[in-house]
Every structure is written in C-alpha cells, then in structure tokens.
Amino acid sequence: MGQETMVDVGFQLTGDWLQCSSKRRLEIVSPQGEVIGRVPAMTREEVDRALSKSRRVQKEWAKVPLYERGQILLTWADELIKRSDEIADMIMKEVGKKKSSAKDEVTRTADLIRYTVEEGKRIHGEMMKGDSFQGGSAGKVAIIEREALGLVLAISPFNYPVNLSAAKLAPALISGNAVVLKPATQGSISALLMADALMTAGLPKGVLHVVTGRGSEIGDWLVAHPAIDMISFTGGTKTGQDIARKAGMIPTVLELGGKDPAIVLEDADVEKAAGQIVSGAFSYSGQRCTAIKRVLVMEEVADQLVEQIQKKVEGLRVGLPEDDADVTPLIDSASADFVHSLILDALEKGAVSRTEYRKEGNLISPTVLDHVTEEMRVSWEEPFGPVLPIIRVTSEQEAVETANQSEYGLQASVFTKNMDKAFSIASQLDVGTVQLNGKTERGPDHFPFLGVKKSGAGVQGVRKSIESMTREKVTVLNL
Ligand SMILES: NC(=O)c1ccc[n+]([C@@H]2O[C@H](COP(=O)([O-])OP(=O)(O)OC[C@H]3O[C@@H](n4cnc5c(N)ncnc54)[C@H](O)[C@@H]3O)[C@@H](O)[C@H]2O)c1
C-alpha cells in the first residue's frame, strides 16, 4: 500500500509506516492476544484538521456527476474483490472471524456497493403541482430534489469491520456526502485496507477520512463536533444512547444491541428450526447483533428441540479462525469474562447445560443452557458470545409476552407450519423484523433493517440509508 494512496490519516501495519503526523499509536491485539499492528491514536487537533478539509472537499464532491461518483464506487467494489484475500486475512486476524466468513464479508460488501450505486442512480426526486391543494394554482410547481446532508460521521463496530463500514460509506458517497469513518479499534486495520481500496479506485482525497484513536479521547469530540451533519452509528446500546444525547439536533441513525428470540411452536418442523437456531446463534461465535440470543419453545416440543440443537452443536468446530472453526476466541478478554459470568450465573440458579462448558482464554465452547428462567441474567442480557438460553413456555401468549419484556427489539423468529398463527404472533412482537421459519439475520442488505426500543432508531438498508443521508430540497417555480 503506497503512501500516496493512503487516506489522509495513515496508519501502520507492523513494520510498514504510512503517512501520519501523530506520534502516538494504538496497538491492535488479536482475540488470541497477539499484537498484529498499530494505528495512530489521533489527537483532537488532528481530527479538527481532517474535518475542516472534509467540509471544503464535500462541496466539490457533490458537484461530480452522479454517474461518475458511481463509477468510482464500482471500481472500489472491483478493487475489494481483487484484494479480497488480503483483506479477509486481516479481518480473520484482527477480529477472529473464520477465513471463509471473512472472505464472504468482503464479497458481500462488493455486492452491497454495486447495489447502492444502482439504487443511488435511480433516486430522482419528484415534482408537485400546486393545484392539487384547495385554492392552489397549477402555475406553482415544486421541484423536489434530494441533496447530500454534508459530512457524515460513520461509526462502526468490530464484528463486521468492512461490511458495516462500507454499508455507511457507499450510500453517503453516492449521494454526495463526505465521510469521516471511525472504525472500532479492533477492526480498524481491516477498515483502513477497505478505505485504501477506495482511494485506489480514485476517490478524491479528503472526501473520506478514517479516524483512529481512543473512543474516550476522540469519540465524544467527533460526535459533538460542529462540522458533522449526520451520524450513522452501529454498536452497543450504551454507546448509542450516549451518542444520541451528545448529538443534539444532528440527525442520527442508530443500530444497536439485540436479544433476538426464536419462538418455536408445537407444530414446527423441529429439525429445520434446530438447524436455523444453531446457525443463527453460533455463527461467528454469537458475535452478531442479529444472533438468536434466546429460544422460547412450547413445552410439548422442547425436549425434541433441545435434543436436535444439542446434536447440531456437537457438530460445530471449535478452534482458531485460521482453521476455519465455527466457534473461535471472542474479541477480547472482557467479552469472554462477561459471557463466562452469564453462564455461571445461570448454572448457579439452576439452568441445565446440554453441552460441556469449557473456557480457555477467550475461547468459549458453544453452550446450550436448558430450563433457563427469568431470574437468570442470560434471559435478558446480550451476551455477544456462544451461549444459547432455552426458555420453556406453555402458551403462545407467554412466548409473546416474554419476547416483548426485553428492552431490545431488533428481530425475532417464529417457527410454525401454521401461517395464520405466524402472522398473528408477528403482528404482536415489538421488533423491527420478524423472520417466519428462518433465523434472524440482517441480509439481504437491501431490505430495510431497523431496531425498536433499545435496539435502535432510524432505518438502514440500501435505499433507506441513502434517504437517511440526504434531505429534500424544494425549489418552487411560480409560472
Ligand atoms: N443493530 C446492528 O445493526 C448492530 C450490528 C453489529 C453490532 N451491533 C451491536 O454492537 C455491539 C458490539 O460492537 P462493539 O463492541 O464494537 O460496540 P461498541 O459500542 O463498543 O463500539 C462501537 C463503535 O463505537 C465507538 N465508540 C466507543 N465509544 C464512543 C464514544 N464515546 N463516542 C463515539 N464513538 C465511540 C467504538 O470505538 C466503535 O467504533 C453489540 O451490542 C451489537 O449488538 C449492532
């Protein structure tokens, strides 16, 4: 990666310095505890310099014809595919995702960028005539365009460092915004490689800045910065709430934590449900916002479901991301200790483990906890790890009430062959999305994606993201 192609702030991969004025560095430590690189710990002054440049450059970027902006983004997608092995390798090392999933993340990102370009090109605004309102005149014509908000602050989490960053960058850039990306510390090298591909694709300098540093030092500074026109945040609920308070009148889209339930009724295809639940709960070791984080199963089929889940969990490979294991070490020791504490709390309060529980460093074996009750923390808290609590219920109403008692409301799954019941339950669940007979998941990426209650505010998903990063601009012709 050449110095010239690097985004303005620069960073260091082990042994290879790139442009950077700050002397201070943050070490990037892998989930296995190895230092795999360093990035600049930017100061507030450096952030200020980056932001003031962005504001000037954004006006020029917005004037670049939409088709040409699209061509740059399409080249970016091609560039990501060309470099997918290198980028996937870094995702694997930095956040401990198995190699095949890391590669899928890069491919999915290229697809998302291409779709965003297509969608962006087809947003033309609208025209209204005055005479459809009482007393109005047909000579009054409103031309309603969508224009960029200006400078978008994109803050992304560790778990999809490339995809969840690009899911903010692509809609912002196609619609003429400049972007400041603040990736999670673990994940920032992957995000920087992705940004480097965008610079190689020809994005004018200064349209994108990648800002790295301590959340405590520059996070608040960025969020409350007068140069920022919009904040698109994905991460934990506490951080999101904090940002919402500081952002004041700046528009925000917040995608936060979840506690997605899988409701299994007595007539469900139990084997299929178990397969979906295990994949939904344990892929990337449960470190997904839309992971299935509790099962609410009707007592009649509970034993059968648990047996199927247990069988499938025993088939999961536990180990290192390099070996393409399904369950790998969690992001850091704080996360692993937190998950450990949830499991111990449940076991102490009478939960029955259906799998052998092991913890070695940050590696936690996939754990299925049966007979979980509402006194246990794991019923309500988001673990972000490989633990699946099973709560047995005796009626659909109890399932719905328990599901809705959560402070979160991201997604939910309902497994049943009875579509009338499925729709009826779906209509009662306080969540952004209900999956009928399928696991909870974000994709495909053009579907609207949102959380209610403490799971978020605002909507993402290609078109919705573009809308959130643009505003209506009305010009009235008085003929
Ligand atoms: N709903 C969704 O779309 C979605 C998707 C993925 C992850 N998540 C959630 O994200 C969480 C896990 O990710 P995480 O551990 O990276 O989350 P996090 O909240 O710890 O960090 C998210 C981002 O916010 C930054 N940050 C931290 N403090 C900040 C501050 N004061 N000001 C500005 N930025 C600050 C971090 O550096 C990081 O870039 C889970 O709760 C998960 O459910 C939600």
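Residues numbered from 1 in each chain as written. Predicted model: local features only at pLDDT ≥ 70, side-chain atom pairs only at ≥ 80, totals over all residues. Heavy atoms only, no water.

**Focus on the domain arrangement of the chain**
Often the size quoted for an interface is simply the accessible area lost on bringing the parts together.
Thinking step 1. Examined at the domain level, the chain breaks down into domain 1 (3-256 + 457-478) and domain 2 (260-448).
Thinking step 2. Using only C-alpha atoms to locate each centre, domain 1 and domain 2 end up separated by 31 Å.
Thinking step 3. Facing the 26 residues of domain 1 at the interface are 25 residues of domain 2.
Thinking step 4. In total, about 2100 Å² of surface goes out of reach between domain 1 and domain 2, with carbon and sulfur atoms giving 54% of it.
Thinking step 5. The tally of links from domain 1 across to domain 2 stands at two salt bridges.
Thinking step 6. The partner of Lys 98 in a salt bridge is Asp 326, with the nearest N and O atoms 2.9 Å apart.
Thinking step 7. Linking domain 1 to domain 2 there are eleven residue pairs in polar contact (both at pLDDT 80 or more).
Thinking step 8. Elements supplying a minimum of two residues to the side of domain 1 that touches domain 2: helix H3 (84-95), helix H4 (99-121), helix H5 (163-174) and helix H14 (462-468).
Thinking step 9. Looking at which element gives the most residues to the side of domain 1 that touches domain 2, the answer is H4, with five residues.
Thinking step 10. Grouping the amino acids of the side of domain 1 that touches domain 2 by side-chain chemistry returns eleven nonpolar, nine polar and six charged. (Domains from an automatic or database assignment. Contact = heavy atoms within 4.5 Å. Buried area = accessible area lost by both parts, 1.4 Å probe. Salt bridge = Lys/Arg side-chain N within 4 Å of Asp/Glu carboxyl O. Polar contact = N/O pair within 3.5 Å; in protein donor to acceptor, adjacent residues only side chain to side chain. Helix = DSSP H or I, 4+ residues; strand = E, 2+ residues; numbered from the N terminus. Nonpolar A, V, L, I, M, F, W, Y, C, P; charged D, E, K, R; others polar.)

**Some words on the sheet that holds strand S24 (residues 470-478)**
Thinking step 1. Read across the open sheet, the three strands follow the order S5-S6-S24; overall the sheet is antiparallel. In this open sheet, the two strands that pair with only one neighbour each are strand S5 (126-129) and S24. Strand-to-strand twist in this sheet, taken as the mean axis angle between neighbours without regard to direction, amounts to 25°.
Thinking step 2. Of the pairings in the sheet, the one linking S5 to strand S6 (residues 140-148) comprises four bridges and is antiparallel in character. Each residue of the ladder has a partner; that of Glu 126, found in S6, is Ile 144. (Pairing = 2+ DSSP bridges. Axes fitted to C-alpha atoms, helices over the stretch in contact; angles between N-to-C directions.)

**A short note on the site of the ligand**
Thinking step 1. Residues in close proximity to the ligand total 26 residues, the closest being Ser 156, Lys 182, Thr 239, Leu 256 and Glu 382.
Thinking step 2. Backbone polar atom of Gly 236 to an oxygen atom of the ligand: 2.8 Å apart, as the coordinates give it.
Thinking step 3. Here the ligand loses 84% of its free accessible area of 850 Å² to cover by the protein chains.
Thinking step 4. Mapped by element, the contributors of at least two residues to the shell around the ligand are helix H7 (215-223), strand S10 (230-234) and helix H8 (237-247).
Thinking step 5. Per-class residue counts for the shell around the ligand are 14 nonpolar, eight polar and four charged. (Near = heavy atom within 4 Å. Areas by Shrake-Rupley, 256 points an atom, 1.4 Å probe, with all protein chains shown as cover.)

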